[in-house]
Amino acid sequence: NFVQIPNKMFMDTNNDEKLVYVKLLQSQMIGYLDKDNRTTMTTVSLLVTLLGWSKSQYSNKKVVKALNGLKEKDYINFESTQDVFTVQINKWNDKEEHIVSVDWKQSGVKFSGHTQIKYSVIDNLLEGKDFTLYAYAEYRTLKNHQYRICYEEWGFVLKVAKSNAFKSVNNSEVIIKVSNGFDSDTKRRETNSYLTFDSVEDVKEVSLKPTYKAQPSKSVVEEQPEQELKEQEPELVEDD
């Protein structure tokens, strides 16, 4: 009832690559499920159809680019994308940890383990950056700890500029922003947390109040208030 993606993918893949990877997982051959490196047979046009993209040379090129990107990063392997071709989905180490140094967080960002994405929601995540938004919010949702995601971090995982990340996050309906209020010590609005759309019953109620115990001020990544960002009207930066 679900697919598993290695959380390392948030570090080194774009949204198209994640979507193609998930569709390959969904179509893998049953007889190969227990092997270390699983296998599926597909075509470029079939993947375009499964992704709900318009049938065109542009969509074909996007799929081929994503396939080649996944191959270069050792997530999959194949010989050619001509006609019907076989794809090997490579095994990955679930316990391996990857820490990326960033200029907005002293300890860096750590990626390890995997995230499960339910089959029932995948078709709701095919527009824009929705898959990455949903999957990352799902990855960072913990039972007893409130993981806060600043717009710099969203920009990192979405592979876009901070200004574009702000627009993607706030225009998407697949994640629910949880406001953590104003910190009287730092005189700043605290960084938001996020939940997936299918994990809450009353979206409006959840979006207006914290759902977890707040962290100490010193652990919060500072970010500009939304109103300030809106007033700046940042230029959009094109991404892949």
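Draft legend 1. Just the overall build of the protein chain, in detail. Broken down by element type, the protein chain carries 10 helices and 11 strands. Counting only residues that meet the buried cut, the protein chain has 46% of its 240 residues in that class. Here the analysis covers contacts within the protein chain between residues at least 6 apart in sequence; of these, 63% occur between residues at least 24 apart.

Draft legend 2. A look at helix H7 (residues 151–158). Most of H7 is tucked away: six of the eight residues are buried. Residues of H7 that are buried include every one of Tyr151, Glu153, Trp154, Gly155, Val157 and Leu158, and no others.

Draft legend 3. Looking closely at the pairing of strand S6 (residues 105–111). Relative to S6, strand S5 (residues 98–102) is paired through four bridges, and the arrangement is antiparallel. Looking at the pairing, His98 lines up with Phe111 of S6. Between S5 and S6, which pair antiparallel in sequence order, lie two residues.

Draft legend 4. Structural view of the confidence of the model for the protein chain. Of the residues in the protein chain, 75% have a pLDDT of 70 or more, and the chain-wide mean is 83. Averaged pLDDT values over the elements of the protein chain bottom out at 38 in helix H10 (residues 226–232) and peak at 98 in helix H4 (residues 57–72). Throughout residues 211–238 the model reports pLDDT below 50, and contacts reaching past four residues in sequence, or to other chains, amount to 55 contacts.

Draft legend 5. Broad picture of the environment of Lys73. Residue placement: Lys73 occurs in the loop between H4 and strand S3 (76–77). In this structure Lys73 comes out as partly exposed when scored by relative accessible area, which is 29%. Sequence-wise, Lys73 and Met9 are 64 residues apart; in three dimensions their C-alpha atoms are separated by 9.4 Å. The residues contacting Lys73, other than those within four sequence positions of it, are Asp12, Thr13 and Glu17. Polar side-chain contacts of Lys73 include one of 2.8 Å to the backbone oxygen of Asp12.

Draft legend 6. Quick peek at H4. When the terminal C-alpha atoms of H4 are compared, their 22 Å separation across 16 residues agrees well with the 22 Å that a helix rising 1.5 Å per residue should span. Along H4, the positions that sit buried rather than exposed are Ser59, Val63, Ala66, Leu67, Gly69 and Leu70. An end-on view of H4 places all buried positions within 160 degrees of arc, on one side of the element. Exposed and oriented more than 90 degrees from the buried face of H4 are Gln57, Tyr58, Lys61, Lys65 and Glu72. On the buried face of H4, the contacting elements are helix H1 (9–12), helix H2 (15–26), helix H3 (44–51), S3 and strand S4 (85–89). Positive phi shows up at Asp74, right after H4, with a value of about 70 degrees.

Reading the values: rules and limits
- Residues numbered from 1 in each chain as written.
- Predicted model: local features only at pLDDT ≥ 70, side-chain atom pairs only at ≥ 80, totals over all residues.
- Heavy atoms only, no water.
- Helix = DSSP H or I, 4+ residues; strand = E, 2+ residues; numbered from the N terminus.
- Buried < 20%, exposed > 50% of the residue type's maximum accessible area, 1.4 Å probe, protein only.
- Contact = heavy atoms within 4.5 Å.
- Pairing = 2+ DSSP bridges.
- pLDDT = per-residue confidence, 0-100.
- Polar contact = N/O pair within 3.5 Å; in protein donor to acceptor, adjacent residues only side chain to side chain.
- Expected span 1.5 Å × (residues − 1).
- Arc of directions from axis to C-beta.

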